[in-house]
Amino acid sequence: MQFTRRTVVQAGGCAAAALAVGSGSAIPAAGATAAPRPEATGEALPLRSDTTTQGDVLAGFRKDHACLLFIRFGHFAKARRWLGDLLPQLSTTEQVAGFNEQFHRARQLRNGVDPTTMAALWTGISLTHAGLGHLAQQDPFPAVPPGGTAEAFCDGPGARAGQLGDTGPSAPDSWLFGAAADSVHAVLTLASDKPGQLQAAIGRHRDSLMRVGADVVFQQDAATLPGDLHGHEHFGFLDAISQPGVRGFHGADATGTGVQGKPGTRLIPAGEFIVGQERVGQRPAGLPVWATGGSFQVVRRLAQDVPGWWEQAGVLLKELQKSGAAPADATPQWLAARFVGRWPGGAPVATCPMAEKAVPPGADPGNDFDFHDDPQGWTTPLFAHIRKASPRGGLVTAPGRPPLPASALDNRRIIRRGIPYGPAHREGSGPADRGLVFVSYQADLVEQFEFIARKWCNTTDFPPARHPQPGSDTVIGPASPVCFESAAPSGSRATTLDFQNFVRTEGALYAFTPSIPTLRALAEGSLDNAIEVHPGTVLRPADSLDAGPVRLRFDAAAGLTLQAEDGRTLWSATTAGAGVDALFAANGELSVRDAAGKPLWSSGTGGAPGARLLVRPSGDAVILRDGRPVWRVSGPSS
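Just so we're clear, the structure is a prediction, and the values are computed from it rather than from any experiment.

Caption draft 1: Region of the structure containing the overall build of the chain. The secondary structure content of the chain amounts to 13 helices and 27 strands. Taking 2.2 N^0.38 as the reference for a compact globule, 638 residues should give roughly 26 Å; the C-alpha atoms of the chain span a radius of gyration of 25 Å, in line with that estimate. Taken along the three principal axes of its C-alpha coordinates, the chain extends 75 × 60 × 50 Å. Counting every position in the chain, which comprises 638 residues, the buried fraction comes to 54%. Accessible surface, the chain as shown: approximately 25000 Å² in total, 52% of it carbon and sulfur. Of the charged side chains in the chain, 57 are positive and 59 negative; the average position of the first set lies 3 Å away from that of the second.

Caption draft 2: Looking closely at the packing of helix α9 (residues 306–323) against helix α10 (residues 332–340). Packing of α9 against α10 brings their axes to within 8 Å, and their N-to-C directions diverge by 105°. When the axis of α9 is compared with that of α10, the two are roughly perpendicular. Along its contact with α9, which presents W309, W310, A313, G314, L316, L317 and L320, the element α10 presents P332, Q333, W334, L335, A336, F339 and V340. Its residues placed into classes, the contact of α9 with α10 shows 12 nonpolar, two polar and no charged.

Caption draft 3: Expanded view of the environment of R504. By the element assignment, R504 lies in strand β15 (residues 503–513). For R504, a relative accessible area of 35% gives the class partly exposed. Residues R504 and A252, spaced 252 residues apart in sequence, show a C-alpha to C-alpha distance of 38 Å. Excluding residues within four positions of it along the chain, R504 makes contact with P169, S170, R301, L302 and A303.

Caption draft 4: Main features of helix α13 (residues 516–523). By the criterion of burial, α13 is predominantly enclosed, with six of the eight residues buried. Taken residue by residue, α13 has I516, P517, T518, L519, L522 and A523 as its buried positions. At its buried positions, α13 is contacted by α3 (76–86), β3 (118–127) and α5 (129–136). Following α13 by one or two positions, G525 adopts a phi angle in the positive range, close to 85°.

Caption draft 5: A look at the sheet that holds strand β21 (residues 569–572). Strands sit in the order β18-β19-β20-β21 across an open sheet of four strands; the sheet is antiparallel. Strand pairing shows two members of the sheet lacking a second neighbour, β18 (544–546) and β21, which therefore form its edges. In this sheet, neighbouring strand axes are inclined to one another by 20° on average, regardless of whether the strands run parallel or antiparallel. Alignment of strand β19 (residues 550–555) against strand β20 (residues 559–564), held across six bridges, turns out to be antiparallel. Residue pairing in the sheet places R551 in a bridge with Q563 of β20.

Caption draft 6: Just the side chain of E506, in detail. Here E506 lies in strand β15. Given the relative accessible area of 11%, E506 is considered buried. Here R301 takes part through its side chain, which lies 2.7 Å from a polar atom of the side chain of E506. Only 2.5 Å separates the side chain of E506 from the side chain of R504, close enough to count as a polar contact. Those residues in contact with E506 that sit more than four places away from it in its chain are S174, W175, L176, F177, R301, A303 and Y421.

Caption draft 7: How the structure looks around the environment of G84. The residue G84 is located in helix α3 in this model. Accessibility expressed as a relative area gives 28% for G84, which makes it partly exposed. Considering only alpha carbons, one finds G84 and A325, 241 residues apart in sequence, at a separation of 61 Å.

Caption draft 8: Up close: the environment of F438. By secondary structure assignment, the location of F438 is in strand β12 (residues 435–442). Overall, the relative accessible area of 14% leaves F438 in the buried class. Residues F438 and V298 lie 140 residues apart in sequence; the distance between their C-alpha atoms is 7.6 Å. With residues up to four places along the chain from it excluded, the contact list for F438 reads V298, V299, R300, L302, I414, R416, G418 and F449.

Caption draft 9: Fine view of the pairing of β20. Buried residues dominate β20, accounting for six of its six residues. Remark: three residues form the turn of the hairpin made by β19 and β20, two consecutive strands paired antiparallel. Both β20 and β21 contribute to a ladder of three bridges, which runs antiparallel. Looking at β21, one finds that L562 is bridged to W571. The hairpin turn running from β20 into β21, its antiparallel successor, is four residues long, and G567 in that turn takes a positive phi close to 95°.

Caption draft 10: Quick look at the sheet that holds strand β6 (residues 245–246). The mixed open sheet is built from three strands, whose spatial order is β6-β8-β7. Since the sheet does not close on itself, it has two edges, and those belong to β6 and β7 (258–259), each with one partner. Two strands pair when backbone bridges link them, and β6 and strand β8 (residues 262–268) are joined in this way by two bridges, in the parallel orientation. When the bridges of β8 are listed, V246 appears paired with I268.

Procedures and definitions
- Residues numbered from 1 in each chain as written.
- Predicted model: local features only at pLDDT ≥ 70, side-chain atom pairs only at ≥ 80, totals over all residues.
- Heavy atoms only, no water.
- Helix = DSSP H or I, 4+ residues; strand = E, 2+ residues; numbered from the N terminus.
- Rg over C-alpha atoms; globule rule 2.2 N^0.38 Å.
- Buried < 20%, exposed > 50% of the residue type's maximum accessible area, 1.4 Å probe, protein only.
- Areas by Shrake-Rupley, 256 points an atom, 1.4 Å probe, with all protein chains shown as cover.
- Lys, Arg positive; Asp, Glu negative; His and termini not counted.
- Charge placed at Lys NZ, Arg CZ, Asp CG, Glu CD.
- Axes fitted to C-alpha atoms, helices over the stretch in contact; angles between N-to-C directions.
- Parallel < 35°, antiparallel > 145°, perpendicular 65-115°, else oblique.
- Contact = heavy atoms within 4.5 Å.
- Nonpolar A, V, L, I, M, F, W, Y, C, P; charged D, E, K, R; others polar.
- Pairing = 2+ DSSP bridges.
- Polar contact = N/O pair within 3.5 Å; in protein donor to acceptor, adjacent residues only side chain to side chain.

This is the structure we're talking about:
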């Protein structure tokens, strides 16, 4: 393929020219057009042509230059007009995926070197809980059940800093943004291949925000590192190597469980990242209609003390050599690779423990490994970053037990879109603001991002029940003793190292990246906060979908019921004690099933694909087909 002219693509209409179980299909907000379904279009990868979701979530902007504008709106009516004007500029999954595919093909033709004749400007918008409420002039949630992702989203990371390890130098009182949950309404993400193109876009958006009385409370500029550090983070390690595959977006290999052409990369149900798609185990999302087709976004500014981190590696290496746990000729890079779990070029320590294996430009460093044959952490330490953040196949929940399969952790994956900020550290260079703009997307803040941070990375007793304890993540975790285990004539040798933290949180935010239909409704002053039950969802004992005045609940004894706030039963499917779960099928039918999967009760609404089941704050549960009720139960308030 020859590229004889520059191709510049901007978000909007012209961008199109640049071009543990299954997954379901997104159901956009009321009045929107659903994303293509595979059974309707014959497409193997329907999510690649989705025009309702924003492009950074599944496809990824992946640009060398980026800027995040943290915005606080003025009057809500002016903010809505600004949002309406922004809509045509937003980049969709279809646009970004199409461009990325062409870019990848061109890169292959250039033996892994980026093409210089292709460029794009991408635009995305995310809204905080305060921002959604400000635009809609109503609470985004009809109820906020304790312990769930709605509560985390409302709180914001500032209020949850203690749980996330953001204490001491990382405490919110020193943050540059996000310390107060209502201090930011929106995050505007701009990304481009060309710095001049990006700067022009920043200027245009700042002008438009100023005209509507909105403030840019913080501007975060970021860019990939230059030269031989391209694609690396500031400590010098190739970043964002291990990303989950997404069913319906990435092609499947012959097994149907992995990504074609990427051995070791598992396919994860799309509902773990996009609300409304089928989740692992067909779990309910329990979120309002406005969340369908969108994704929760985590943004963190992580400052990195590069010389301090590497100096520590050298000091600790001497301790290991003195104890005989490290080879006499090992270098600080040898130990730093064990802190990360990969060598600087991306090759995993698990497959090349003695020395780094060169990875050709553009080649996959390799994900075809797990830790099932290394339960002691003799090769990849148990505290290594890639092992703490994603244990893969091989997590031992107690010594002597068999390791968990990788599929057991599918609901803990996140999609990362980080990019460095600040100048690269070079020998002899002075101090500077540098670090990583961490961005992740997930459908559940608590069970994905927060679980990984609280239960895995920041916990010294993970993997659990080991003595001595492994310690926290040696890249992003808090300071702690870490246990370096190695083989010895007696079986195993444990050397305790005093590991200090050299990554500091300087800002954090929880936002939501809505679908285009939801944003369009918001621009018109509408936000549907009825709780949506998506096709393919299974309700199991103790599952409760709370819409405030009423909740749809499945209980082992009572069965499927509609309950009032005070716990009174307003309606029951009359299968008390007999059913094991309730299914809302893709054909529009709600049923209660026995242990063999046989329906014991049904709504009688089968044959209505595309139907929607809502639990509404008005006090009812309803199945809508083409916007009209075909089944409805209600309480007194409705």
